[in-house]
Amino acid sequence: MKQNKITLVTSGVLLVIFLCMLFTFQVRQTEVAVVTTFGRYSHSVTNAGFQWRLPWPVQKVYWFDNRLQTFESKIDQPITSDHISLLISVYLGWRITDPKLFLESFNGDITKAEQTLEPIARNAKNGVIGLHRFSDLISTNQADLKFDQIEKEMFDAVQAQAKSNYGLAIESLGIKQLNLPDSITPTVFERMKKERETLVATYQSEGDREGKSIKAKADNAANDIIARANAEKEKIIGQAEQEAAKYYAQFEQKPELARFLFDLKAIEASLKERANLILGPQTPPFSLLNGATNGSPSTR
Amino acid sequence: MERNIQPIGIINWCALLVAAVISAILARYASAAAGTAGVAFLVLGFLVAVVSYFQMRLEERERLERLEFDELKKSKGASTLFTEGADTFPALRSRQQFEKFVIPIFTALLFLLQAGAAWWLWQWLGKASPPKLNAAKMALALYALFALILFLLGKYSSSLARLEGQRLLRPGAGYLMLGAFISGLAALSEAAVLGDFPKVDLSIAYGLGVVLALMAVETLVGLVLEIYRPRVKGQEARLLYESRLIGLFGQPGGLVTTAAQALDYQFGFKVSETWIFKFLKEAVLLIVLLQLGALFLSTTFVIIDPNEQGLLEHFGRQGGARATLEPGLHFKWPWPIDKVYRYQTRQIRSFVVGEVPDSDEASARTVLWTKPHFKRAEGEGPEAPGMLVASRSQTTQTNKNEKPVPANILTVSIPFQYRITDPVAWAYHHADPDQLLQKLANREVIRYLINVDMDSIMSDNRLAAAQEIRRRVQARADERKLGVSIVFVGLQDIHPPLGNKQIQVAAAFEQVFSATQQKQTNILYWQAYAARTIPAALASATNIISEARNVAVSKVALAEGESARFTNQMAAYQASPSVYTSRSYLETLARSLGPASKYVITATNTQDVLTLNLEENIRSDVLKSIIAPPDMNKAATNK
């Protein structure tokens, strides 16, 4: 009896669960659902929560994620209008807007939807890049740069195609990767290196130039200082001579005495060093020696 | 009761053999992993069926022998000539021998085969090729057919074994049922292949490998337990090579009965009749139900860990005021009405834009430009293509005709750290918010670098750049409603690329630094020269001037002195001009002629030649002066 009760309750609970599974379904906050009746679309459920349904195979429920999906395109190699090849990939943020159309277009498969978006994204991306110069993408000059505009153009192109055809909407587009192909990279490296080498040369010559100019300035300044000093010297000596001349005016009072004294001084000065003198007997005071030989002094 | 079961035995092993061979071909053709695993089971089943068939034949011969003996006994009556000797029943003896030696040896062999098959299967599955799609339909049909045939045969044999107590049919029947079951699984896995789930095939095969290993364990355990089993007289020996596990397929008696039988057999008494076993048997359903009930009730509360936040959904809808659950205990409606999704919001999450630092090189204490320090996949160069960066010098130098690529490439590695601040936004707005954030960050880094000067971002602008990138990514994330806060952005690495062997870019950059150093050195050298030269010039200038001053002063002083003296001399001269002149003349002469060597030639009118040797007095450098005697008188009289 007890066993029976348990069996009864258990089977009752199992029946309820089974019926719930057959007649109800839930839609999560993050989902939208499409209900089909005998394979024909009957309605979409966009409000999350508890829902009634008829059991399979009468009604069938498809659930889709209604959140923003992120999809990254493949990297490929478009060419800019000034013939520079780039590697570029973009990411798309998209969302299912019309679950019915989405179900019809892709059988509800997000992977298939992304496979469909891939060529659209690449087409838009490569087309837009072809319209722009390389400097629109890379430049220190804010005015030249059209990066945001390029993204916008790509977005518009993708949106125009995707808008009404697939039951999904593109909400954002951004450039994920921007590179140069391997064939160009070495030339860029080479140029970067050359640029650096130019800088090295510039720095070296700048160093030389500045060094030399410092040296020249220093030499100039030194010469100037010496020249000024010499001029000063001449001036000082000139002044001194001028001053001395005042005193020498005294000599004008008795010029013959002055000359005599100068002669004396000159003799004295010239005989300072060891000199050999050969003197005649007329030279006073040696004239006295004459007297000794002749017997009388003859000074006068 | 005494029906000859040998034909059925033959049919069993033949069926298993045929199924095994065809399965093997099929599995190879369709490269089905589950099918290959099934072959192992079928071959084992075939072996077991063959052995039990031989045992059947022996028992049959024994039975005939006994019948014959009984007939003989009856016809001969109570003849004493006939005695029951040891060699009277050769069939009985050979059966006993068979049971004593062949069966244990075969069982041991079976164990080795099972274990070996399991091991081989495991190895083989590691390098199995994916199932072929074109063969799947045919394989599906054939496997389904096998499943049906084997099931019918197995069911028949197992019913016969149960109803008529033909224990020798049981092992074969068990393997037939198992073969049917596995063929069914193989068919299922082929269906999965058709339905584009090729993984299922491999999972089933792995599962079968596990079953095979379990069977091997069971055989081993059976062998060991056989040694310790009490021998009850008259009890029919169990077939050692029969698997109880496989028996489950053949006997619908269920788990409990099989377990009870196994226990009874092992301990030699009716364990299944003890009260505890009976209780367990009755209560097992209740216990299971209680367990399930407890499991169900455990879904009525949830404990959120300290680093988490939970999102509550009521029938999939966001749970109103209780949408986000803070750490702690929370009650909720049981599953599947309320569900809680956990998010580790307080945890710092991180990712890297650009190059991912190589963890192997993390032990190195220094990170140099010229040494590779990033994670590389096989076959890649030392560096991936870096990021494009504009350069101010480049834009000014661009020659439009030559079309150089006006961009630089830098190696960049920027770690980002972030934290989820709003789990609702994080979970409900984006299918893959983490990926989206990484892509946004990537885009912002590119966007920043293409518009910035290379030299400035590598040096003075570095910190500001990190701040700017963080600001922009945060703005983008807010715009996209990601519900995150960027905690940190660091320009961990931003430097020129290594380049390759021919073009060493990073090294060239380093040379620029050494060039600037050289420039500075040069300038400093000449500055030092200037610092030396100018003071030296100043010093010599001062010297010149002070010398000049000295000269000037002495000149003036001399002039002054001389003039003063002249005044006095003039007075003396005026007093007596001739005396003064001759006196001063003679005084001077005497004073100055002192050191000079003098030759006075007194004979004026002689014609002699005077020879003077002046050598001793004349040094080569000494001025020689010969002074003619001045006309003293004339000078004096002129006054």
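Refer to the structure printed above.
Predicted, not measured: the structure shown is a model, and the values here were computed from it. (Residues numbered from 1 in each chain as written. Chains lettered and ligands numbered in written order. Predicted model: local features only at pLDDT ≥ 70, side-chain atom pairs only at ≥ 80, totals over all residues.)

(A) Region of the structure containing the nonpolar core. Counting residues in each nonpolar core, the largest one holds 86 residues, and the members touching the most others are A:Leu92, A:Val158, B:Leu388 and B:Val389. Within the second largest apolar cluster, 64 residues are counted, among which are B:Ile5, B:Ala15, B:Leu26 and B:Met177. (Core = buried A, V, L, I, M, F, W, Y, C linked by C-beta atoms within 7 Å. Buried ≥ 20, exposed ≤ 12 C-beta atoms within 10 Å, placed from the backbone.)

(B) Geometry of unusual backbone geometry. Of note in the backbone geometry, A:His83 takes a positive phi value of approximately 60 degrees without being a glycine. Counting through the fold element by element, A:His83 comes out in the loop between β6 (69-72) and β7 (87-96). One non-glycine residue, B:Ser31, adopts positive backbone phi at about 40 degrees. Tracing the backbone through its elements, the reader meets B:Ser31 in the loop between α1 (6-30) and α2 (33-76). The class for B:Ser31 is partly exposed, based on 17 C-beta atoms found within 10 Å. (Helix = DSSP H or I, 4+ residues; strand = E, 2+ residues; numbered from the N terminus.)

(C) Main features of the sheet that holds β6(A). All names here are of chain A. Taken together, the three strands give an open sheet; going across it, the order is β6-β7-β8, and neighbouring strands pair in antiparallel fashion. Only two strands of the sheet have a single partner each, and these edge strands are β6 and β8 (168-179). Across the sheet, the mean angle separating the axes of adjacent strands is 20 degrees when strand polarity is ignored. Both β7 and β8 contribute to a ladder of 10 bridges, which runs antiparallel. Within β8, the residue paired with Ile96 across the bridge is Leu168. With respect to the sheet, helix α3 (residues 110-130) is in contact with β6, β7 and β8, its orientation differing from that of β7 by roughly 135 degrees. (Pairing = 2+ DSSP bridges. Axes fitted to C-alpha atoms, helices over the stretch in contact; angles between N-to-C directions. Contact = placed C-beta atoms within 7 Å.)

(D) Fine view of the pairing of strand β3 (residues 40-45) of chain A. Bridge analysis of strand β2 (residues 31-37) of chain A against β3(A) gives five bridges, and the strand direction is antiparallel. Bridge pairing in β3(A) places A:Thr36 opposite A:Tyr41.

(E) The arrangement of the interface of chain A and chain B in detail. On the chain B side, the residues contacting the 113 residues of chain A number 116 residues. Considering every element that reaches the side of chain A that touches chain B, the biggest residue donor is helix α6 (residues 185-248) of chain A, with 44 residues. Among the residues forming the side of chain A that touches chain B, the class breakdown is 53 nonpolar, 32 polar and 28 charged. Where strand β9 (residues 276-279) of chain A lies against strand β12 (residues 597-600) of chain B, four bridges are found, and the strand directions are parallel. (Nonpolar A, V, L, I, M, F, W, Y, C, P; charged D, E, K, R; others polar.)

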